[in-house]
Amino acid sequence: MTEPSGETAPEAPEDGEQDAVEQDAAGREDAAPPSGAAEPAETPEAVETPEAVETSEGAETSEAADGAEPSKDAAPELSEAQAELAAQRELRARIEARKAEKSGPVESGGKLSGTAADLLAAVRAVEGGSASGGAFYAPAPEPPRAPRPPETTVRPAAPAAPPAPTAGALAGVREVLARGGAPETLAGQAAAALGEQAAEALTEDPWRLLAVTGVRPEQADGFARALLGGACGPDDPRRAAALTVWLLDRAALQGHTALTLDEVAAGLARHEVPDPEKAVETAVSEGAVLVFQEEEPEEAEPEDAEEGEPSEAAVAGDEGPVEPPLLGLDRYALAEESLADGLARLVRTVTAEEWDGGELERVVGGHGLVLHTGGEAARAEPLALAAAARERGLRVLVTVHDAERVGAEDRAAGTTVPLAALLSGTAGPGRDEEGALALDLLVVLDAPQLDVETAAMLVEALPDGCRLVLGGDPEVLGSAGPGAVFADALAARVCPRVASRRPDPGPLGELVSGIGIGELNQVEAPGKEVVIVPVRDAGEAVHRTVQLVADSVPRAFGLSPEQTRVITVGHGGSAGTRALNTALKQRLNPGPGRFGGYDPGDRVAYAPATGRTVTGTVLGADAEGLRLSTGEGEVVVPKERVESALRHGWALTAHQAAGGRWPAVVVVLPGDAAPGLSRPWVYTAFGRAERHLSVVHGVDQALPRSVAEVLAPARTTRLRPLLIGLLATPDEE
């Protein structure tokens, strides 16, 4: 409750008034009913408080002010001090009168009312023989539970896009870029990355041009030489700091939130930095990057150790730290630390309860953070948990990675929402007074697709005492953004893990399950659930893919081309997403591309942020930009972002497709795709199909070899040791 302001807050009573109030309270305690009897209800003769007297007088004064002019015979107006003294005298008189009434004899129930009068009547009835004394021992009715406070329905506004750079800032950046020989088309990106003072920043430190996506170190070196002339060289401290940040930014695109000192030094050496170790020290001292050394938990000395004999822990410590020092950018360091703190807060603030039901339900009842693993069929278990929790009266929500996986019924009921819509405030339960989501249980499906910054935002939005279930398939590719949230939480072993025993059904389930353990089995597919289409080269791969999507799959399964997705290894190459989408557009939706290369009806993939892809269909264009229909609703892509953030979307990469499912999937593996294959890639791509999978196969033995031998490279992150440091118990290994 907020404190009243100085104008309306009642003044503290003086000493005499305070004594009278305390005496009155003592008198009421003396007159209280005996133990076991209910307290009499308050009567209308209750004493008025000073606040009530003051309010009453204020009302009378207001009425006098609003009424007619007072007559000459009216009593002279009292000053404020006189009015206060009069109010106090009246209060004392009322208190004395009440005390006199209480000190007198009480007639036999004459002044009792409410529960006390009922009790007296019951006693007299027993004494008279008309009632049994056992009535006194009947169990008291259970007091009604306090109703749950109404949920807040006001949702926060979606985060506003960063303001566009002003015309003056753009003009200044263009002028600096022109002097350095860089394309003026980079002005918008440079101003967005460096802010309104981008021109001054580039003039002072030309290597900051590396902050613009797509700029290479050799291009930044040429830009710096043009601006600085002979005043710059490979050992320039500004170059070392900018290259260090650039290396960490590039690592983030591969999923790393940090790199070891040796990896950064090796990267600087490749770009001809004369003294990489000194360059790293310079970048750290200037605050461009942060250095971390995770501390190992101290072990107690064994009781039987002889004096002067070093312990095993001391010997291990002499061999050097177990974890090497890491370098990272502050944005990812803060995100990981915030996420670890938030998960620890949920674990510590949940009140353990005993829930009936299956294994997952029982575990969630007793813990604040639970990890659930399993394939596609296992998703039914956390969904059943959510339904059971709603029956318990809890506020429950399920969130998914891909908006297209939210069914119409769930969307209408609001029980399942896309994660991006939940975080933006356009869907979900709304927030409470402190800005936290009004939830008692949140179930996150497709948890492997959580990058560290998104996960941190989500956990920060959960209130104390909220239970969190992270569910997903640990065999799929990790998030497109930096971090390995689900894998790190599993590896930390600081919370319960429930592994589903529910296998994926049918030939597709059998195929994908075998890939998960490193075996590419030949499965029986009587309904043509799995079809292998061999090809000799990339040109034939593109031709057969278009034929499958446009003719063969619709004819065999009654599916439209919109229900089929094509998945390939990368964007470039003779059979990458660019080549495939060009061929698919010509066949499925030919047109001149009048809206920046797109026509109404085109299937597109939109990247509103790095690492996040939203699929949709082009509706048209207007002055604001290109309008899309997506699973999250209608989206407008600004004109200036169409070229950089939009691609045709009939064909996707496996990272873009992770988290989605379609009735039919065509996986394209031309000969040059072999270097990009791994077991998680194949598992993810093949597992996106619900009814039918076609594999356009041109990699020969590279496919079974990648499934058996090639694992995804490990990501360098800090979340696992942070979780262990916060949540590991002494008896855990």
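Above this note sits the structure.
The numbering scheme is per chain: residues are counted from 1 as the chain's sequence reads. Two thresholds apply to this predicted model, a pLDDT of at least 70 for residue-level local features and 80 or more for giving and counting side-chain atom pairs, whereas whole-chain, interface and lining totals are computed over all residues. To obtain the side-chain values, all non-hydrogen atoms of the structure were used and water was disregarded.

A. Focus on the overall build of the protein chain. Looking only at helices and strands, one finds 27 helices and 19 strands in the protein chain. Whether two residues are in contact is decided by their heavy atoms: any pair within 4.5 Å suffices. Pairs at least 24 residues apart make up 70% of the contacts formed inside the protein chain by residues separated by at least 6 positions. The accessible surface values rely on the Shrake-Rupley method and a 1.4 Å probe; as for residues, cover is taken only from the protein chains in view. Here the protein chain displays about 40,200 Å² of accessible surface, and carbon together with sulfur accounts for 52% of that area. Secondary structure counts use DSSP, requiring at least four H or I residues in a row for a helix and at least two E residues in a row for a strand, with both numbered from the N terminus.

B. Region of the structure containing the sheet that holds strand E1 (residues 259-260). Only when DSSP finds a minimum of two bridges between them are two strands counted as paired. Strands sit in the order E1-E3-E2 across an open sheet of three strands; the sheet is antiparallel. Each edge of the sheet is formed by a strand with only one pairing partner; in this case those strands are E1 and strand E2 (290-292). Bridge analysis of E1 against strand E3 (residues 326-328) gives two bridges, and the strand direction is antiparallel. Looking across to E3, one finds that Thr-260 is bridged to Leu-326.

C. Quick peek at the side chain of Ser-424. Summarising the element assignment, Ser-424 is placed in helix H17 (residues 419-424). Polar contact is defined as a pair of N or O atoms within 3.5 Å, subject to the rule that within protein one atom must be able to donate a hydrogen and the other to accept it, and that residues adjacent in sequence are counted only when both atoms are side-chain atoms. Within polar-contact distance, the side chain of Ser-424 engages the side chain of Thr-426 at 3.1 Å.

D. Here's a closer look at helix H22 (residues 577-588). Here H22 is twelve residues long and its end C-alpha atoms lie 15 Å apart, about the 16 Å a rise of 1.5 Å per residue gives. Working definition: with a 1.4 Å probe on protein chains only, accessible area under 20% of the residue-type maximum means buried, over 50% means exposed, and in between means partly exposed. Along H22, the residues classified as buried are Thr-577, Leu-580, Asn-581, Ala-583, Leu-584 and Lys-585. The inward-facing, buried residues of H22 contact helix H21 (538-557), strand E11 (564-568), strand E16 (646-648), strand E17 (651-653) and strand E18 (662-669). By definition here, a helix of n residues has an expected span of 1.5 Å times n minus one.

E. Structural context of the environment of Gln-547. The topology assignment puts Gln-547 in helix H21. The class of Gln-547 is partly exposed, set by a relative accessible area of 31%. For Gln-547 and Arg-587, which are 40 residues apart along the polypeptide, the C-alpha to C-alpha distance reads 9.3 Å.

F. Summary view of the packing of aromatic side chains. Think of it this way: a Phe, Tyr or Trp ring, Trp meaning its six-membered ring, pairs with another when their centres are within 6.5 Å, and the plane angle makes it stacked under 30 degrees, edge-to-face over 60, tilted otherwise. Applying the stated criterion to the full structure yields zero aromatic pairs. For a Lys NZ or an Arg CZ to count as sitting over a ring, it must be within 6 Å of the ring centre and within 35 degrees of the ring normal. Just above the ring of Phe-292 sits the side chain of Arg-718; from NZ or CZ to the centre is 3.8 Å.

G. Quick peek at a negative patch on the surface. Two joining distances apply to patches: 9 Å for like charges and 5 Å for nonpolar side chains (Val, Leu, Ile, Met, Phe, Trp, Tyr), and every residue must have over 30% relative accessible area and no salt bridge. When a carboxyl oxygen of Asp or Glu lies within 4 Å of a side-chain nitrogen of Lys or Arg, that pair is called a salt bridge. The charge count treats Lys and Arg as positive and Asp and Glu as negative. His and the chain ends do not count. The location of each charge is read from NZ of Lys, CZ of Arg, CG of Asp or CD of Glu. There is a patch of like negative charges on the surface, built from Asp-262, Glu-263, Asp-275, Glu-277 and Glu-281. Structurally, Asp-262 is set in helix H10 (residues 261-270). Relative accessible area serves as the criterion here: at 65%, Asp-262 is assigned to the exposed category.

H. Up close: the sheet that holds strand E5 (residues 396-400). If you walk across this open sheet you meet the six strands as E6-E5-E7-E8-E4-E9, and the pairing is parallel. Pairing within the sheet leaves two strands with one partner each, and these edge strands are strand E6 (416-418) and strand E9 (497-499). The mean angle between the axes of side-by-side strands here comes to 20°, regardless of whether they run parallel or antiparallel. Strand direction decides the pairing type here: strand E7 (residues 441-444) and strand E8 (residues 467-472), joined by four bridges, are parallel. When the sheet's bridge partners are listed, Val-444 is paired in E8 with Leu-470. Contacting strand E4 (369-373), E8 and E9, helix H19 (residues 485-492) runs over the sheet at an angle of about 110° to E4. Every axis corresponds to a line fitted to the C-alpha atoms, with the helix fit spanning only the stretch in contact, and the corresponding angles, defined between N-to-C directions, vary from 0 to 180 degrees.

I. Representation of the pattern of salt bridges within the structure. Taken as a whole, this structure holds 23 salt bridges when the rule is applied. Measuring nitrogen to oxygen at the nearest pair gives 2.4 Å for the salt bridge that ties Glu-404 to Arg-603. Highlighted residues: Glu-404 in the loop between E5 and helix H16 (408-413) and Arg-603 in strand E12 (residues 603-609), separated in sequence by 199 residues. In this structure Arg-603 comes out as buried when scored by relative accessible area, which is 12%.

J. Spotlight on the pairing of E7. Here E7 shows a buried face lined by Leu-441 and Val-443 and a second buried face lined by Leu-442 and Val-444. Where E5 and E7 come together, four bridges link them in parallel fashion. Bridged to Val-396 within E7 is Leu-441. Call a crossover right-handed when, viewed with both strands pointing away from you, the route from the first strand across the helix to the second goes clockwise. Chirality of the crossover, the property in question, places the unit of E7, helix H18 (residues 452-460) and E8 among those that are right-handed.

K. Highlighting helix H9 (residues 237-253). Taking 1.5 Å per residue as the helical rise, H9 with its 17 residues ought to reach 24 Å, and the 25 Å between its terminal C-alpha atoms agrees with that figure. For H9, the set of buried residues is Arg-239, Ala-240, Ala-241, Ala-242, Leu-243, Thr-244, Trp-246, Leu-247, Leu-248, Ala-251 and Ala-252. Sitting at the amino-terminal end of H9 is Asp-236, which places a side-chain oxygen 2.8 Å from the backbone nitrogen of Arg-238. Phi turns positive, to about 100°, at Gly-255, one or two residues after H9.

L. Expanded view of the packing of helix H13 (residues 330-349) against helix H27 (residues 719-727). The contact between H13 and H27 brings their axes to 9 Å, and the two run at 35°. By crossing handedness, the relation of H13 to H27 is classed as right-handed. In contact with Glu-336, Glu-337, Leu-339, Ala-340, Asp-341, Leu-343, Ala-344, Val-347 and Arg-348 of H13, H27 contributes Leu-719, Leu-722, Leu-723, Leu-726 and Leu-727. Grouping the constituent residues of the contact of H13 with H27 by class yields ten nonpolar, no polar and four charged. The handedness criterion is simple: a crossing whose near helix is rotated anticlockwise from the far helix by less than a right angle is left-handed, and one whose near helix is rotated clockwise is right-handed. Residues are grouped as follows: Ala, Val, Leu, Ile, Met, Phe, Trp, Tyr, Cys and Pro are nonpolar; Asp, Glu, Lys and Arg are charged; every other residue, Gly included, is polar.

M. How the structure looks around the pairing of strand E14 (residues 625-630). One ladder, built from five bridges, connects strand E13 (residues 612-621) with E14; its direction is antiparallel. Looking across to E14, one finds that Gly-616 is bridged to Thr-630. In sequence, E13 turns back onto E14 through a hairpin of three residues. Pairing of E14 with strand E15 (residues 633-638), which is carried by six bridges, proceeds in the antiparallel orientation. Looking at the pairing, Leu-628 lines up with Val-635 of E15. Hairpin geometry of E14 and E15 is characterised by an intervening segment of two residues between the two adjacent antiparallel strands.

Geometric values such as these leave the question of function open.
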